[in-house]
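# Results of the structural survey
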Amino acid sequence: MSASERSSGHRSPARRAAELREQLNRHAYLYYVLDAPEIPDAEYDRLFQELQAIEAAHAELVTPDSPTQRVGGTVLAGFAAVRHTVPMLSIRTETDTSEDGARDFDARIRRELELADGDPPVEYACELKFDGLAISLRYERGVLVQAATRGDGETGEDVTQNIRTIGQVPLRLQGVEPPVFEVRGEVYMRRGDFEALNERQRQRIAQGAKGEKTFVNPRNAAAGAVRQLDPAIAAQRPLSFFAYGVGEVRSWPMPKTHGGLLDALAAMGLPVCAERAVVRGADGLVRFHREVGARRDALPFDIDGVVYKVNAIALQERLGFVTREPRWAVAHKYPAQEQMTVVRGIDVQVGRTGKLTPVAKLEPVFVGGTTVSNATLHNEDETRRKDVRVGDTVIVRRAGDVIPEVVAVVAERRPRDAGRPFDLHKLLHGRCPVCGSAIVREEGEADWRCTGGLFCAAQRKQAILHFASRRAMDIEGLGDKLVDQLVDGEIIRTLPELYKLGVAKLAALERMGEKSAANLVAALEASMRTTLERFLLALGIRLVGEATAKDLARQFGSLDRIMDAPLDELQAVPDVGPVVAQSIRTFFDQRHNREVVEQLRAAGLRWDEHEGRRRHAAPQPLAGKTFVLTGALPTLSREDAKSLLEAAGAKVAGSVSKKTDYVVAGEAAGSKLDKARELGVAVLDEAGMRAMLAER
Ligand code: IVH
C-alpha cells in the first residue's frame with residue numbers, strides 16, 4: 001500500500017478529491033515549472049486516475065482547478081471574443097543591435113525624467129524577449145478562469161481550453177486569492193520540442209498521412225497550437241509559458257518594482273524565466289545584452305532580443321505611454337535567426353548509414369550569428385512539399401546549435417528560369433554521388449539510401465568516426481580532418497586497417513607530428529581491449545544504439561551467437577522490434593560485414609565474451625538502491641563509478657529526489673549535494689562507495 005493509499009482511508013470523497021487536487025497541482029508545479037519532480041510519473045498517474053474515478057462517480061466534485069480538466073473539452077466552431085479591461089500593449093523595438101541601442105534607451109529615459117548628468121543611474125529590470133505569442137491569464141479568487149490572446153490589444157480570443165493543456169500554467173495560484181488577478185506572459189515552444197514535433201510530422205507525411213505539415217519555426221508552431229479549435233490536437237503540441245507582467249489586478253498590493261513583481265509571480269507558482277536581472281544605468285543594460293547574446297544559442301528556446309523595463313513602478317507611471325507603447329520599456333534586438341537568400345544549387349550528402357540528405361547550396365548569408373552557405377532540406381518529400389528549386393529565394397533559419405535549414409520558398413520571387421521540381425533519383429541518375437552504388441528508397445521510409453555500405457567513402461569516413469567515438473571504441477585523437485586524409489588518401493579502406501597504422505605512416509600526414517602519431521597508435525592499442533557492447537555499437541549497425549547494444553550483449557553473451565541469431569531470437573531482446581531485428585540480420589548477412597568482424601578479431605580486438613551476462617547473473621547486492629553521482633571523484637571517472645554501481649545492481653539516476661538512497665559526492669559537488677542534505681539523503685564519498693561495494 002502506498003503512502004497516499006494509506007492516507008485515503010475513511011475520507012469523504014469530497015475531502016479526498018480536494019486532497020488529490022492539491023497534491024496533483026503541487027506535483028505538476030514541481031515537474032513542469034521547477035523541473036524537479038519528487039515522485040515518479042507512474043505515481044502521478046495513479047493519483048490522477050484516483051481523482052478521475054472519484055469525479056466520475058461524483059460529477060458535482062469536478063472543479064475548474066482540477067488537473068483532470070486540463071485535457072478534453074469539445075471541438076469549437078470558433079473562438080469567443082474577450083475584451084481586455086486593461087489593454088495588452090506592445091513595446092517599442094530597438095533594431096540597432098549594437099550597444100548603442102541600449103545607450104539610446106537610457107539616454108531617452110534620463111531625458112524624459114529630466115535627470116541631470118550628475119544624478120544617479122536609473123535602475124532597470126532586464127528580461128529576455130521570448131519569441132512566442134502574448135497571452136493574458138485571468139485568475140479569479142486564485143483559480144484560472146480564462147485565457148485570451150492579445151488580438152488587437154483591446155479585444156482578443158478566448159483560448160482557455162488550449163491554454164489549460166499547458167502543464168506550466170497553474171490552474172490555481174499558490175498562496176493568494178485576489179478577486180481578480182490577470183497574468184500577462186508569453187506562450188512559446190522550446191527548440192527541442194519543436195524539432196521533435198517536426199520530426200514526428202515528417203515521419204507521418206512519409207507514411208502517407210493526409211493534411212499533415214511541418215512547421216516553419218517554434219513561434220508559428222506555438223501560435224498554431226494556441227489557435228487550434230480541437231483541444232485534443234492542441235494538447236499534443238508541447239507548449240511552454242513565461243510570465244512577464246500583469247493586467248487587471250484587484251485587491252492585491254502591487255510591489256514597488258518590476259523585479260519585485262516578477263518575484264511575486266514566481267512565488268505564486270507561475271513560471272518566470274530565471275534569466276533576468278536588475279541593473280543600473282546604460283552600462284548595466286549593455287552588459288546584460290552582451291551576456292545574454294553570448295548564451296543565446298545555448299538557451300533551450302528562441303529569443304529575438306532582450307527587454308529593458310524601468311524598475312520602479314512609480315517612475316513607470318510618471319513616464320506613461322505614447323499611443324499603444326509604454327515609454328518605460330524597450331525591446332533590444334539581436335541579429336535575426338531567419339534571413340532570405342538565394343539557392344545556387346542542390347547537393348546530396350551521404351550519411352553514416354547511407355542516408356541521402358538534400359542540401360541547399362546558398363548565396364552566403366549572415367543568420368543567427370554566423371555566415372551560412374549550406375542548409376538542410378531534410379529529405380525528398382520535404383523538398384518537394386516546400387517546392388525548393390535552384391534559383392529560388394528562400395528563408396533560412398539557424399537557431400541554437402541546430403543545423404541551418406531552409407524553411408520556406410518566397411514564391412513571388414521565383415525567377416522564370418528557376419530549376420525543375422526536385423527529384424532526387426533523377427538528379428543522381430540513381431547512383432550514390434560518392435561511390436556510384438545504386439540508391440534505394442523503401443516503402444514507408446522518408447529517405448533514399450546508398451546501398452554501397454562500407455564500400456562508399458562517405459559512409460566509410462563516418463563509420464570510422466563512429467567506430468572511434470567515445471562510447472564505442474573510444475580512440476582518442478582520431479578526428480574528422482585525420483579521417484578525411486586517411487580515406488581520401490586511400491591509406492585505409494576498411495576499419496580493420498586502422499589497427500595496421502604505424503607511427504611512421506601517420507607522422508607523414510598533414511598536421512601530424514611524431515608525438516601525436518605515437519599517441520594515436522597508443523590510443524588504438526588501448527582500444528583493443530574492449531567490451532562486447534562497445535564493439536557492437538562501434539560496428540554502426542543501423543538502429544543499434546548504446547542501449548540496444550548493451551541488451552544484445554547481455555542477452556546473447558557472445559558475438560557469434562548474435563551474428564547467427566534468427567529474427568525471432570533477436571526480437572526476444574527488450575526493445576528490439578521487427579525493424580531493428582531485420583536491420584541486425586541484414587548487417588550480418590552481408591559477407592563483407594562479417595569479414596570486417598573477423599579481421600578486427602584477427603587484429604587483436606578482445607573482450608570477455610560472457611562478461612555482460614555474468615555480470616547480469618552475478619549477485620546484485622545493491623539491487624533496488626538508487627544512487628546519484630555528483631562532483632569529481634578522486635580516482636574514478638563518472639562513467640566508471642556508474643558501471644561499478646550498475647554491476648552491483650544499483651540504479652544511477654541524474655537528479656536527487658526522495659527516492660534517492662545515496663548521493664556519492666566528489667570535489668565541487670553543487671546543487672545535488674545541497675538537495676541531498678535538504679532531503680536527508682545519505683551522502684558518501686568515493687571511499688565510502690567502494691567500501692559499500694566491497695562489503696556486500
Ligand atoms: S512586456 C507593456 N516582456 O513582445 C509591455 N513583452 O511588443 C508589455 N514579449 O507581444 C509587454 N517577451 O508578447 C514583455 N519579457 C517580455 C516579453 C514581451 C516577449 C512580447 C510580447 C508582446 C511583444 C511586445
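For the structure itself, consult the block above.
Summarised in this report is the structure supplied together with it. Small disclaimer: the values here were computed from a predicted structure and weren't measured.

Calculation notes
- Residues numbered from 1 in each chain as written.
- Predicted model: local features only at pLDDT ≥ 70, side-chain atom pairs only at ≥ 80, totals over all residues.
- Heavy atoms only, no water.
- Pairing = 2+ DSSP bridges.
- Helix = DSSP H or I, 4+ residues; strand = E, 2+ residues; numbered from the N terminus.
- Axes fitted to C-alpha atoms, helices over the stretch in contact; angles between N-to-C directions.
- Contact = heavy atoms within 4.5 Å.
- Parallel < 35°, antiparallel > 145°, perpendicular 65-115°, else oblique.
- Left-handed = near helix turned anticlockwise from the far one by under 90°.
- Nonpolar A, V, L, I, M, F, W, Y, C, P; charged D, E, K, R; others polar.
- Buried < 20%, exposed > 50% of the residue type's maximum accessible area, 1.4 Å probe, protein only.
- Expected span 1.5 Å × (residues − 1).
- Polar contact = N/O pair within 3.5 Å; in protein donor to acceptor, adjacent residues only side chain to side chain.
- Near = heavy atom within 4 Å.
- Areas by Shrake-Rupley, 256 points an atom, 1.4 Å probe, with all protein chains shown as cover.
- Phe/Tyr/Trp six-rings, centres within 6.5 Å; stacked < 30°, edge-to-face > 60°.
- Core = buried A, V, L, I, M, F, W, Y, C linked by side-chain atoms within 4.5 Å.

This next bit is on the sheet that holds strand 10 (residues 303–310). Pairing in this open sheet of five strands is mixed, and the strands run 2-13-10-3-9 from one edge to the other. Since the sheet does not close on itself, it has two edges, and those belong to strand 2 (92–94) and strand 9 (277–280), each with one partner. Across this sheet, the average inter-strand angle for adjacent strands is 35°, counted without regard to direction. Here strand 10 pairs with strand 13 (residues 329–333) via five bridges, running antiparallel. Within strand 13, the position partnered with Gly305 by the bridge is Lys333. Sheet strands in contact with helix 9 (residues 258–267) are strand 3 (123–130), strand 9 and strand 10, and its direction is about 50° off that of strand 3. Relative to the sheet, helix 10 (residues 281–295) contacts strand 3, strand 9, strand 10 and strand 13, its axis offset from that of strand 9 by approximately 140°.

Right, let's talk about the packing of helix 14 (residues 457–468) against helix 15 (residues 480–488) for a bit. Contact pair helix 14 / helix 15: the axes reach a minimum separation of 10 Å and the direction vectors enclose 135°. With respect to helix 15, the axis of helix 14 lies oblique. Viewed along their axes, helix 14 and helix 15 form a crossing whose handedness is right-handed. Together, Ala457, Arg460, Lys461, Ile464 and Leu465 of helix 14 and Asp480, Val483, Asp484, Val487 and Asp488 of helix 15 make up the contact between the two elements. Residues belonging to the contact of helix 14 with helix 15 are distributed by class as follows: five nonpolar, no polar and five charged.

The next thing to look at is the environment of Glu443. Along the chain, Glu443 turns up in the loop between strand 19 (439–440) and strand 20 (448–450). The exposed category is assigned to Glu443, whose relative accessible area is 81%. Each C-alpha atom, one on Glu443 and one on Gln207, is 8.4 Å from the other, the two residues being 236 residues apart in sequence.

Attention shifts here to helix 22 (residues 578–589). The first and last C-alpha atoms of helix 22 sit 16 Å apart over 12 residues, in line with the 16 Å expected at 1.5 Å per residue. Burial in helix 22 covers these residues: Val580, Ala581, Ser583, Ile584, Arg585, Phe587 and Phe588. Looking at the buried residues of helix 22, the elements they touch are helix 19 (546–556), helix 20 (559–564), helix 21 (567–571) and helix 23 (591–603).

What follows deals with the environment of Glu177. Structurally, Glu177 is set in the loop between helix 5 (160–164) and strand 7 (180–188). In this structure Glu177 comes out as exposed when scored by relative accessible area, which is 54%. Once the C-alpha coordinates of Glu177 and Gly142 are considered, the two residues, 35 residues apart in sequence, prove to be 4.2 Å apart. Among all residues touching Glu177, those that are not within four sequence positions of it are Arg141, Gly142 and Arg172. Within the local environment of Glu177, its side chain forms a polar contact with the side chain of Arg172, the two groups lying 3.3 Å apart.

Here Gly101 is to be found in helix 4 (residues 100–112). For Gly101, a relative accessible area of 1% puts it in the buried group. Along the primary structure Gly101 and Val330 are separated by 229 residues, whereas in three dimensions their C-alpha atoms are 9.5 Å apart. With sequence-adjacent residues up to four places away left out, Gly101 is seen in contact with Glu94, Asp96 and His332.

Turning next to the site of the ligand. Taken together, 14 residues lie near the ligand, and Ile91, Glu127, Leu128, Glu186 and Tyr244 sit nearest. Interatomic distance of 2.3 Å between a side-chain N/O atom of Glu186 and an oxygen atom of the ligand. In isolation the ligand exposes 520 Å². Once the protein is present, 87% of that is buried. Looking at the shell around the ligand, the elements that each hand over two or more residues are strand 3 and strand 10. The element that contributes the greatest number of residues to the shell around the ligand is strand 3, accounting for four residues. Residue composition of the shell around the ligand, grouped by class: nine nonpolar, one polar and four charged.

Each aromatic ring pair is specified by the distance between its two centres and by the angle formed by the two planes. Scanning the model with the defined rule gives 15 aromatic pairs in all. Their ring planes at 80° and their centres at 6.4 Å tell us that Phe467 and Tyr499 sit as a pair that is edge-to-face. A residue pair is termed long-range when its members are at least 10 positions apart, and Phe467 in helix 14 and Tyr499 in the loop between helix 15 and helix 16 (503–507) qualify at 32 residues. Tyr499 sits in the buried class, given a relative accessible area of 15%. Grouped by ring-pair contacts, the aromatic residues Phe130, Tyr188, Phe242 and Phe301 constitute a single cluster.

Here the focus is the pairing of strand 16 (residues 370–376). With six bridges connecting them, strand 15 (residues 355–367) and strand 16 associate as antiparallel partners. From the neighbouring strand, Val367 faces strand 16, where its bridge partner is Thr370. Between strand 15 and strand 16, which follow one another and run antiparallel, lie two residues, and Gly368 among them has a positive phi close to 60°.

Below, the discussion takes up the nonpolar core. Of all hydrophobic cores here, the largest spans 54 residues; its most connected members are Phe467, Ile475, Leu478 and Tyr499. Contributions of two or more residues to this core are made by helix 14, helix 15, helix 17 (514–527), helix 18 (532–538), helix 19, helix 20, helix 22 and helix 23. With sequence-adjacent residues up to four places away left out, Phe467 is seen in contact with Ala472, Met473, Asp474, Ile475, Leu495, Leu498, Tyr499, Ala538, Leu600 and Leu605. If you look at the next biggest cluster of nonpolar residues, it comprises 36 residues, including Leu137, Leu171, Leu197 and Ala264.

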